[in-house]
Structure formats: structure tokens, C-alpha cells
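Structural features, examined
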Number of protein chains: 2
Amino acid sequence: MAYHVAPLQRLVEQFERLPGIGSKTAQRLAYFVLNMSEERAKEFSDAILQAHKTIRRCEICCNFSDKEKCPICRDEARDKSVICVVETPRDAIAIEGTGEYKGTYHVLHGVISPLSGIGPDQLCIKELLSRLNNGEVSEVIMATNPTVEGEATAMYLSRLLKPLGIRITRLAYGIPVGGDLEYADDVTLARALEGRSEL
Amino acid sequence: MAYHVAPLQRLVEQFERLPGIGSKTAQRLAYFVLNMSEERAKEFSDAILQAHKTIRRCEICCNFSDKEKCPICRDEARDKSVICVVETPRDAIAIEGTGEYKGTYHVLHGVISPLSGIGPDQLCIKELLSRLNNGEVSEVIMATNPTVEGEATAMYLSRLLKPLGIRITRLAYGIPVGGDLEYADDVTLARALEGRSEL
């Protein structure tokens with residue numbers, strides 16, 4: 001990396017900090033930015049600052065929002081009686097992508113992970129509990145990731161919520177659509193068998 | 001992509017404009033930036049603007065520089081009698097990476113490409129010619145890419161420079177070190193045979 005001039009080197013280092021960006025890609029991106037028009041570079045730079053300044057957490061579901069309430073919580077057409085609990089805002093976007101879900105979300109912003117020192121207090125769990133007090137909610141869907149931590153968090157929450165008399169459900173496990181049985185792992189196949197349905 | 005709040009959406013779009021960054025990666029990067037500290041985000045944003053503001057072309061070799069002359073052209077220890085002609089600043093960095101080259105560079109900032117409407121006038125060719133007038137330069141190494149355009153540009157330049165009585169050379173073609181003969185393409189193998197050397 002010798003002979004990168006200083007401002008360019010700084011830009012390369014900034015890109016290297018991003019996840020999944022190695023030093024070659026960081027270089028490529030930095031040069032690309034350098035070849036942008038002045039105006040475009042300003043747009044890029046502003047987008048970073050603006051996103052940081054204006055985005056906060058929705059006071060209801062803890063998802064990212066530019067106002068006090070996020071677009072989904074503000075939306076009158078969404079079914080407020082169903083809450084889908086996800087780990088991150090990106091998980092909510094993935095579920096939105098299906099176009100099948102009309103309820104609301106609750107973003108935990110993480111999972112319980114004793115190894116990383118993350119307990120229930122660091123997650124948006126009390127915000128979830130406060131949404132369940134008014135009796136409007138009839139179902140909570142656990143959509144944490146199918147990992148050990150995700151499972152543990154779902155179990156923890158379901159034990160916490162069961163006494164409130166709310167229906168707690170979980171996303172189905174099974175073989176992915178378009179997948180190949182041959183390459184499915186044993187645990188997934190076992191779950192798919194377990195959860196088989198009538199044709 | 002529904003329900004991305006506007007400032008976040010703008011940031012995702014900025015990342016999507018970068019080369020080799022798809023919509024999923026752009027999303028991941030945007031969320032990463034959002035989770036940065038305010039200070040880090042400011043650093044990132046500033047690095048983009050600063051790189052754009054302070055970087056210009058070296059008045060000698062046309063490489064990126066933060067001063068009138070780039071670090072290589074300023075360096076007394078570099079051999080000013082050899083010029084290595086490359087397409088882009090990144091190519092110069094690749095050659096620097098070998099640690100074997102002690103001469104200077106000349107960055108064309110592109111290749112002759114009639115299909116994209118790029119002729120010799122759009123490249124830094126007159127800057128190269130003006131370096132050859134003082135009789136200091138004894139060799140010009142063509143290190144354009146081994147593509148049709150790169151070859152054509154090297155040919156064009158060598159015809160232009162030959163009358164000046166300067167030695168014009170070209171990087172060797174051959175099989176890449178650590179490569180596998182079995183997977184080398186025919187043209188490369190033919191060139192490797194052609195350029196074989198005594199053991």
C-alpha cells in the first residue's frame with residue numbers, strides 16, 4: 001500500500017472498516033469515489049451524516065425510524081394485534097419482502113448471548129412488554145434466527161409472555177423452497193419431517 | 001425494499017452506486033454505518049469529502065497526488081530515466097507492490113477505446129510526450145493491461161515514441177506464478193512458449 005497519498009489512504013481505511021470489505025475492494029471503492037463528480041461525492045458524504053443524525057428508534061417497535069413512530073407503526077392498515085419479534089431491522093425488511101405479513105414488528109436489536117455479555121436488559125424487551133399491557137395484542141410471532149442464541153432468546157421471551165395469556169408462535173422450520181433434499185442438513189430435514197403437513 | 005425510512009434509503013442507494021455492491025450488501029453496509037458512533041460516521045463522511053477536495057493529478061506523471069508532484073516523482077531515489085506507463089493509479093500501486101521497480105510511472109487514466117469514444121486526446125499522452133523532450137528518459141515500459149484496448153494503446157504509444165529513439169519495452173506475457181498449466185488459456189500458453197528463456 002506504499003505511495004497512497006494521505007487523503008486517499010484515509011478513505012481506503014474507512015472502507016476497510018466496513019464489514020466484508022477487504023483491502024483490494026476498499027481500494028477499488030476509494031478510487032471509484034475519487035472519480036465521482038464533486039456533487040456525487042458530497043451526496044454520498046451527506047447521506048452518511050444525515051442517516052446518522054435523523055434516524056432514531058421507533059418509540060413503539062424500536063425499529064429504525066425518522067419520526068417518533070416508524071412507518072409501519074403509523075400505518076393504519078397494519079394489524080396491530082400481531083407482533084413479529086425479530087433480532088434486527090434487516091430481519092424485519094426480509095419479512096416485509098414476502099409481502100405476506102400485515103402485522104407489526106418488534107425489533108430486539110440483538111439476542112441474548114451470555115458469551116458476549118448480552119443479557120435481556122440490553123435488548124428492547126421492556127418496550128415489547130409495555131406493548132402487551134393494553135390487551136390489544138393477540139399473537140406474538142417469534143422470528144429470531146434459527147441459531148442457538150436466537151432459539152434461546154425465543155424460549156426466554158415465550159416463557160416471559162406465556163403468563164400474559166397471549167398466543168406465542170414461531171416460524172416454521174423445514175427445507176428451503178428451491179433447495180435440494182440431498183444438501184439439506186440432518187437437523188433441518190428432521191424438523192421438516194416433524195412439521196410435515198397433509199397434502 | 002419497502003419501509004426503509006427515507007434517510008436510510010438514501011444511504012443504501014449511495015452504497016448501491018459503488019461498483020460490485022449489490023442491494024443486499026448495500027443494505028448491510030448502510031446498517032453498519034448507522035450502528036457506528038457519531039464520531040466514526042463523521043470521520044467516514046469527511047474522508048470522502050477530503051479525498052475529493054485535496055487530491056489532484058501529479059503535474060509530471062498524472063498519478064493522484066496531494067501536492068503538485070506525487071511522492072514518487074518527488075523521490076530523489078527513484079530512477080527518472082525509466083517510465084512505466086500504466087492505465088490507472090491502481091496499476092501503479094500493483095507494480096509498487098512488487099518492490100522491484102525503482103523507476104517512475106506515467107498514468108494514462110484510461111485506454112484508447114473507439115467504442116466508448118475515448119481517443120488519444122482524452123488520455124494523459126501529451127504529458128508523457130513532454131517528459132521525453134529533455135533527453136533524460138532512456139526507457140519507457142508499456143504496462144497497459146493485456147486486453148485488446150490495452151494492447152492497442154501500447155502499440156499506438158510505441159509508434160509515437162519510437163522516432164524519439166527511446167527504448168520501448170513491454171511486460172512479459174506468460175503463465176502466472178503458482179498457476180496451473182492445465183487451466184492456462186491457449187493464447188497465454190502460446191505466448192509463454194514464444195517467450196521461453198534458457199534455464
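As the structure is a prediction and not an experimental result, all values here were calculated from the model.

Considering the relation of the copies chain B and chain A
Its rotation angle being 179°, the transformation that places chain B on chain A also includes 0.0 Å of axial translation and leaves an RMSD of 0.1 Å. Read as a symmetry element, the transformation amounts to a two-fold axis. Relative to the rotation axis, the closest C-alpha in chain B is found at Ser45 of chain B, a distance of 2.2 Å. Counting the interface residues of chain B, we find that 100% of their copies in chain A are interface residues as well, pointing to one common contact surface.

Description of the confidence of the model for chain A
Residue and element names in this part refer to chain A. Averaged over every residue, the pLDDT of chain A is 89; residues scoring 70 or more account for 98%. Highest mean pLDDT in chain A belongs to strand 4 (residues 103-107) (95); lowest belongs to helix 8 (residues 186-194) (83). Confidence metrics for the complex model read pTM 0.73 and ipTM 0.74.

Details of the layout of surface pockets
All names here are of chain B. Quantified by volume, the largest pocket comes out at close to 310 Å³. Lining of the largest pocket is provided by Asp91, Ala94, Ile95, Ala143, Thr144, Asn145, Pro146, Arg170, Leu171, Ala172 and Tyr173. If one sorts the elements of the lining of the largest pocket by residue count, helix 5 (residues 89-98) sits on top with 3 residues. Looking at the lining of the largest pocket residue by residue, the class counts come to 7 nonpolar, 2 polar and 2 charged.

Points about the interface of chain B and chain A
Accessible area lost during the coming together of the parts is what is often quoted as the interface size. Counting residues at the interface gives 52 residues for chain B and 52 residues for chain A. At the boundary of chain B and chain A, one finds 2 salt bridges. Across the salt bridge formed by Glu43 of chain B and Arg17 of chain A, the nearest N and O atoms sit 3.1 Å from each other. Our enumeration of links across chain B and chain A arrives at 13 residue pairs in polar contact (both at pLDDT 80 or more). Secondary-structure elements contributing two or more residues to the side of chain B that touches chain A are helix 1 (6-16), helix 2 (23-35), helix 3 (38-54), strand 2 (64-65), helix 4 (71-74) and helix 5 of chain B.

Brief notes about the sheet that holds strand 3 (residues 79-86) of chain B
Sheets are built from strands paired through backbone hydrogen bonds, the pairs being either parallel or antiparallel. All names here are of chain B. Spatially, 4 strands are ordered 4-3-5-6 in an open sheet, and the strand pairing comes out parallel. Each having just a single partner strand, strand 4 (103-107) and strand 6 (167-170) make up the two edges of the open sheet. On average, each strand axis in the sheet is inclined to that of its neighbour by 25°, with strand direction left out of account. Pairing analysis gives 4 bridges linking strand 5 (residues 139-142) to strand 6, with the strands arranged parallel. Opposite Ile141, over in strand 6, you have Thr169 as the bridge partner. Most of the contacts of helix 7 (residues 148-161) go to strand 5, to which it runs at about 165°, and overall it touches strand 3, strand 5 and strand 6.

Regarding the packing of aromatic side chains
Within the structure shown, the criterion is met by 7 aromatic pairs over all chains. Seen from their ring centres, Phe64 of chain A and Tyr31 of chain B are 5.5 Å apart, and the 20° between their planes marks the pair as stacked. Separated into two different chains, Phe64 of chain A in strand 2 (residues 64-65) and Tyr31 of chain B in helix 2 make up a pair that spans both. As far as the burial class goes, Phe64 of chain A and Tyr31 of chain B line up, both buried. A network of ring pairs unites the aromatic residues Phe15 and Phe44 of chain A together with Phe15 and Phe44 of chain B as a single cluster.

A closer look at the side chain of Glu96 of chain B
If you trace the backbone, Glu96 of chain B turns up in helix 5. On the accessibility criterion, Glu96 of chain B (13% relative accessible area) is buried.

Remarks on the pattern of salt bridges
Residues and elements named next belong to chain A. One pass over the full model with this rule turns up 10 salt bridges over all chains. Notably, a salt bridge pairs Lys42 with Asp46, separated by 3.3 Å at the nearest N-O pair. Linking Lys42 with Asp46, this pair stays in helix 3 (residues 38-54), spanning 4 residues, or about one helical turn. For Arg170, the salt bridge identified is with Glu151, shortest N-O distance 3.3 Å. Note that Arg170 is positioned in strand 6 (residues 167-170) and Glu151 in helix 7 (residues 148-161), a separation of 19 residues in sequence. Glu151 gets classed as partly exposed once you look at its relative accessible area, which sits at 23%.

Cut-offs applied
Residues numbered from 1 in each chain as written. Chains lettered and ligands numbered in written order. Predicted model: local features only at pLDDT ≥ 70, side-chain atom pairs only at ≥ 80, totals over all residues. Heavy atoms only, no water. Least-squares fit on C-alpha atoms with pLDDT ≥ 70 in both. Contact = heavy atoms within 4.5 Å. pLDDT = per-residue confidence, 0-100. Helix = DSSP H or I, 4+ residues; strand = E, 2+ residues; numbered from the N terminus. 1 Å grid on protein atoms, 1.4 Å probe; cavity = no way out; pocket = protein on both sides within 12 Å on 5 of 7 lines; lining within 4 Å. Points joined across faces, edges and corners; volume = space filled by probe spheres on them. Nonpolar A, V, L, I, M, F, W, Y, C, P; charged D, E, K, R; others polar. Salt bridge = Lys/Arg side-chain N within 4 Å of Asp/Glu carboxyl O. Polar contact = N/O pair within 3.5 Å; in protein donor to acceptor, adjacent residues only side chain to side chain. Pairing = 2+ DSSP bridges. Axes fitted to C-alpha atoms, helices over the stretch in contact; angles between N-to-C directions. Phe/Tyr/Trp six-rings, centres within 6.5 Å; stacked < 30°, edge-to-face > 60°. Buried < 20%, exposed > 50% of the residue type's maximum accessible area, 1.4 Å probe, protein only.

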